[in-house]
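# Summary of the model geometry
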Amino acid sequence: MKYPLRTATGAAALALAAGGAFAQEAFDLDALIEAARAEPPLTVYAVTGKIVETAKAFSELYDIEAAGQKVNEADQIELMIREHQSGNIVGDLAVAGDVAAILGQLIPQGIATSWVPPDMTGDIAPGQQDPLVVVSDPHVWSYSTDAYDSCPVSNVWELTEPKWQGHVAMMDPLVKALYADWFNQLETHHDDAMAAAYEAHFGHPLETDEASATAAWVRAYAENAPLLGDSTSVAEAIGAVGQENPFFGIISVAKYRGNTSGELALGICEDMAPFSGWLYPGLAMIAADTDSPNAARLFARYLMTEEGIAPMSVDGKMSANNSFPPHPEEASGVGAVMDQLMVYDTSTAADDFDRRQDWQDFWRVHYAR
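Residues numbered from 1 in each chain as written. Predicted model: local features only at pLDDT ≥ 70, side-chain atom pairs only at ≥ 80, totals over all residues. Heavy atoms only, no water.

### Some words on the pairing of strand E5 (residues 133-144)
Burial analysis of E5 places 12 of its 12 residues in the buried class, which makes it a mostly covered element. Pairing between E5 and strand E11 (residues 318-319): two bridges, direction antiparallel. Bridge assignment links Val135 to a residue of E11, and that residue is Ser319. Pairing of E5 with strand E8 (residues 248-252) involves four bridges; the strand directions are antiparallel. Residue Ser142 lies in a different strand from E8, and its bridge partner there is Gly249. (Buried < 20%, exposed > 50% of the residue type's maximum accessible area, 1.4 Å probe, protein only. Helix = DSSP H or I, 4+ residues; strand = E, 2+ residues; numbered from the N terminus. Pairing = 2+ DSSP bridges.)

### Considerations on the side chain of Lys317
Its location among the elements puts Lys317 in the loop between helix H11 (306-313) and E11. It turns out Lys317 is buried and unbridged, and the closest side chain with the opposite charge, Asp137, is 4.5 Å from it. Residues contacting Lys317, with those up to four places away along its chain left out, are Val135, Ser136, Asp137, Pro138, Ala254 and Met312. (Lys, Arg positive; Asp, Glu negative; His and termini not counted. Salt bridge = Lys/Arg side-chain N within 4 Å of Asp/Glu carboxyl O. Contact = heavy atoms within 4.5 Å.)

### Topic: the packing of aromatic side chains
Two descriptors summarise a pair of aromatic rings, namely the distance from one centre to the other and the angle between the planes of the rings. Enumeration over the complete set of coordinates arrives at 27 aromatic pairs. Centre to centre, the rings of Trp141 and Tyr221 are 6.4 Å apart; their planes meet at 85°, and the pair counts as edge-to-face. Of this pair, Trp141 sits in strand E5 while Tyr221 sits in helix H7 (residues 213-223), and the two are 80 residues apart along the sequence. Summarising the burial analysis for this pair, Trp141 and Tyr221 share the class buried. A ring pair is formed by Trp157 and Phe202, whose centres lie 6.5 Å apart and whose planes are at 75°; its orientation type is edge-to-face. (Phe/Tyr/Trp six-rings, centres within 6.5 Å; stacked < 30°, edge-to-face > 60°.)

### Brief notes about the state of the cysteines
Scanning the entire structure with this criterion turns up one disulfide. Disulfide partner of Cys151: Cys269, at an S-S distance of 1.8 Å. Torsion about the S-S bond of the Cys151 and Cys269 cystine: about 85°, corresponding to right-handed handedness. Taken together, the residues span a long stretch of sequence, with Cys151 in the loop between E5 and strand E6 (168-171) and Cys269 in the loop between strand E9 (266-268) and strand E10 (277-287) at a distance of 118 residues. (Disulfide = S-S within 2.5 Å.)

### Topic: helix H6 (residues 177-202)
Taking 1.5 Å per residue, 26 residues should reach 38 Å; H6 reaches only 30 Å between its end C-alpha atoms and comes up short. In the structure, H6 departs most strongly from a straight axis at His190, where the bend amounts to approximately 95°. Positive backbone phi, approximately 85°, marks Gly203, located one or two places after H6. (Expected span 1.5 Å × (residues − 1). Bend = angle between axes of the 7 residues up to and from the residue.)

### Some thoughts on the side chain of Thr214
Its location among the elements puts Thr214 in helix H7. The exposure class assigned to Thr214 is buried, which follows from its relative accessible area of 0%. Ignoring anything within four residues of it in the chain, the contact list for Thr214 reads Phe183, Leu186, Glu187, Asp191, Met194 and Trp359.

### Looking at helix H5 (residues 99-106)
Counting buried positions over the eight residues of H5 gives seven, a clear majority of the element. Taken as a whole, H5 has its buried residues at Val99, Ala100, Ala101, Ile102, Leu103, Gln105 and Leu106. Packed against the buried residues of H5 are helix H4 (73-86), strand E4 (112-113), H6, E10 and helix H12 (349-366).

### Overview of the nonpolar core
Among the nonpolar cores identified, the biggest contains 115 residues, and Trp141, Trp182, Trp217 and Phe248 are the most heavily contacted of them. Element by element, the count of residues in this core is highest for H6, at nine residues. (Core = buried A, V, L, I, M, F, W, Y, C linked by side-chain atoms within 4.5 Å.)

### What about the pattern of salt bridges?
Tallied over the full model, the rule gives 12 salt bridges. As a salt-bridge pair, Asp98 and Arg356 come within 2.6 Å of each other at their nearest N and O atoms. With Asp98 in the loop between strand E3 (93-95) and H5 and Arg356 in helix H12, this pair connects stretches of sequence that are 258 residues apart. In this pair, the class of Asp98 matches that of Arg356, namely buried. Linked by salt bridges that have partners in common, Lys50, Arg257 and Asp315 make up one network.

In structure tokens, the structure reads:
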């Protein structure tokens, strides 16, 4: 259905036009729609090409002109900074950008802001509201179900042993900075779990000259020469059908769509210690100087609906809105193992940003090429 035209009146219209926040009891969706219709066309940056069809569906639903543009995490940050500095805002809303850079740079410098739909706060966990998490992208330890009857690894410390030397695949932390941020998240929030996993695997407590159990693991893992590549090459190294000795590795569940076509045979390593993977949050960031603040808010709200997020959730991205289930056609089945995944804590994302270069340098020093 299309939303009918309705005129925003009174205080609600003034608040909307000014970009003001709403208390939940004062929120008026129809007023937001009408205010958005009075604004210039909307452009939305997102890491997935699915944003193009999402923007088209949004336009048809609300009779508001919107365009989606695929832009990777790092480039989103660069564009938002340059557009803010120039005063020429092109991207009004950015979705699923570089979380650490957003929290460490864009928000503190007033380049971007976050907005939570007041009528949805009851369905979004408090820890995912400031800033608003639209989706979380699960990155999971994966194996070939074509070559193995079950996961061949049960503990991350196994990946530091000779058996897996040069035979684990992942994206390069020097290129995909979110993996360097993952290391920092592990050290900051789960170092005890990393130490416990070591003792569970080797039968004695960890003794190391490194600053943490996580650093000891990252060093040993890097020295074991994992294969580094982009998301497609990593997924193929792990799950391409017909391999006699496939790689093990970690990859976004978005690549599990290859299971549906028969090109890949990927499986999630359940019950892996200390985690079977981790969740990378996708934030919705509104350009602070946009001429379309209400349209940007409305689009952010649309992404929090089952219809709006469907093009992304079918690829395994998990909505922060808890009022509806995972997409029924999602290929990986990650919904069944959500409690086994490390949750990214956005409260320390600024520290991830500050320490990113340290972790990348640490990786660079120890990576065995």
